[in-house]
Amino acid sequence: VYKRQADDLLRRLLMAENRDDAPDVLPKKGNQDTESGAEACEFGLAAALQIARRLGAEPIPDDPANLFTLDDKTVLVKTRRTRRGVVSIPRNVFDRFDTLLAAIVTADPRVFDVYEMSREDAQELSYEGSSSRGTPQRRLSIAKIRNVGSVFKTVRLDVDLRQQ
């Protein structure tokens with residue numbers, strides 16, 4: 001059921017003709033509210049699953065933290081639907097992955113550049129942040145990901161996600 005809901009949400013977000021028609025994941029101005037935060041979280045989970053599939057990664061069963069196995073490594077897939085800002089990583093997840101794969105949208109809203117970064121680099125470059133859910137978070141800026149990480153692959157998400 002979760003996979004179908006995630007696919008439906010991602011399909012709805014990606015089917016918009018242009019960025020203005022897409023539902024707002026982040027408000028245009030001001031801070032993120034509960035509703036936009038929940039939608040951003042849903043999008044992140046759904047997009048991470050689709051991107052991981054495209055990369056040939058397998059989800060780790062019963063793990064809600066976007067952790068996958070790829071080439072005998074545990075990878076954390078984080079997504080960002082805007083080209084600026086930060087990705088948040090729960091502090092308790094840092095000891096559970098080998099490599100961070102940060103998927104950042106390009107000018108085409110269906111295409112993501114996937115940057116690869118070691119856990120050590122991600123931990124060194126991140127800073128403490130807060131979370132409304134009470135889970136201590138570390139923040140990693142997109143600019144630092146681009147400067148230190150290397151492009152692992154570019155992934156295009158099709159409108160018809162059922163073909164994946």
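Because the structure is a prediction, the values reported are computed rather than measured. (Residues numbered from 1 in each chain as written. Predicted model: local features only at pLDDT ≥ 70, side-chain atom pairs only at ≥ 80, totals over all residues. Heavy atoms only, no water.)

(A) Seen up close, the overall build of the protein chain. Scanning the protein chain for helices and strands turns up 4 helices and 9 strands. Element order for the protein chain, N to C, with α for helix and β for strand: α-α-β-β-β-β-β-β-α-β-β-α-β. In the protein chain, which comprises 164 residues, the share counted as buried stands at 43%. Counting only contacts in the protein chain whose residues sit at least 6 apart along the sequence, the fraction spanning at least 24 positions is 59%. (Helix = DSSP H or I, 4+ residues; strand = E, 2+ residues; numbered from the N terminus. Buried < 20%, exposed > 50% of the residue type's maximum accessible area, 1.4 Å probe, protein only. Contact = heavy atoms within 4.5 Å.)

(B) View of helix α2 (residues 34-55). For α2, built from 22 residues, the straight-helix expectation of 32 Å at 1.5 Å per residue is met to within 8% by its first-to-last C-alpha distance of 31 Å. Two residues or fewer past α2, G56 is found with a positive phi of approximately 90 degrees. (Expected span 1.5 Å × (residues − 1).)

(C) Local environment of the sheet that holds strand β9 (residues 150-156). Taken in spatial order, the 6 strands line up as β1-β2-β3-β5-β6-β9 in an open sheet, and their pairing is mixed. Unpaired on one side and paired on the other, β1 (58-59) and β9 mark the two borders of the sheet. Note that β1 and strand β2 (residues 67-70) share 2 bridges and pair antiparallel. The residue bridging E58 from the neighbouring strand is T69, located in β2. (Pairing = 2+ DSSP bridges.)

(D) Here's a closer look at the packing of aromatic side chains. The tally for this structure, following the rule as stated, stands at 1 aromatic pair. When the centroid spacing of 5.6 Å and the interplanar angle of 40 degrees are considered together, the rings of F94 and F97 count as tilted. With respect to class, F94 is no different from F97; both count as buried. (Phe/Tyr/Trp six-rings, centres within 6.5 Å; stacked < 30°, edge-to-face > 60°.)

(E) Spatial organisation of the sheet that holds strand β8 (residues 137-141). Across the sheet, which stays open at both edges, the 3 strands sit in the order β4-β8-β7 with antiparallel pairing between neighbours. The sheet terminates laterally at β4 (86-90) and β7 (127-129), the two strands that pair on one side only. In this sheet, neighbouring strand axes are inclined to one another by 40 degrees on average, regardless of whether the strands run parallel or antiparallel. Strand direction decides the pairing type here: β4 and β8, joined by 5 bridges, are antiparallel. Residue pairing in the sheet places S88 in a bridge with R139 of β8. (Axes fitted to C-alpha atoms, helices over the stretch in contact; angles between N-to-C directions.)

(F) Looking closely at the side chain of S141. Residue placement: S141 occurs in strand β8. For S141, a relative accessible area of 18% gives the class buried. Within the structure, S141 has its side chain in polar contact with the backbone nitrogen of K144 (distance 3.1 Å). Ignoring any residue separated from it by four or fewer positions in sequence, one finds S141 in contact with G85 and V86. (Polar contact = N/O pair within 3.5 Å; in protein donor to acceptor, adjacent residues only side chain to side chain.)

(G) Summary view of the nonpolar core. Formed by 19 residues in total, the largest nonpolar core has its most connected members in I51, F68, V77, L101, F112 and V114. Taken together, the elements giving at least two residues each to this core come down to α2, β2, β3 (73-80), β5 (99-105) and β6 (111-118). Take this core: its biggest share by element is 7 residues, from α2. Setting aside chain neighbours within four positions, we find I51 in contact with V77, T79, A103, F112, V114, V155 and L157. Grouped together as the second largest cluster of nonpolar side chains are 17 residues, V87, F97, M117 and I145 included. (Core = buried A, V, L, I, M, F, W, Y, C linked by side-chain atoms within 4.5 Å.)

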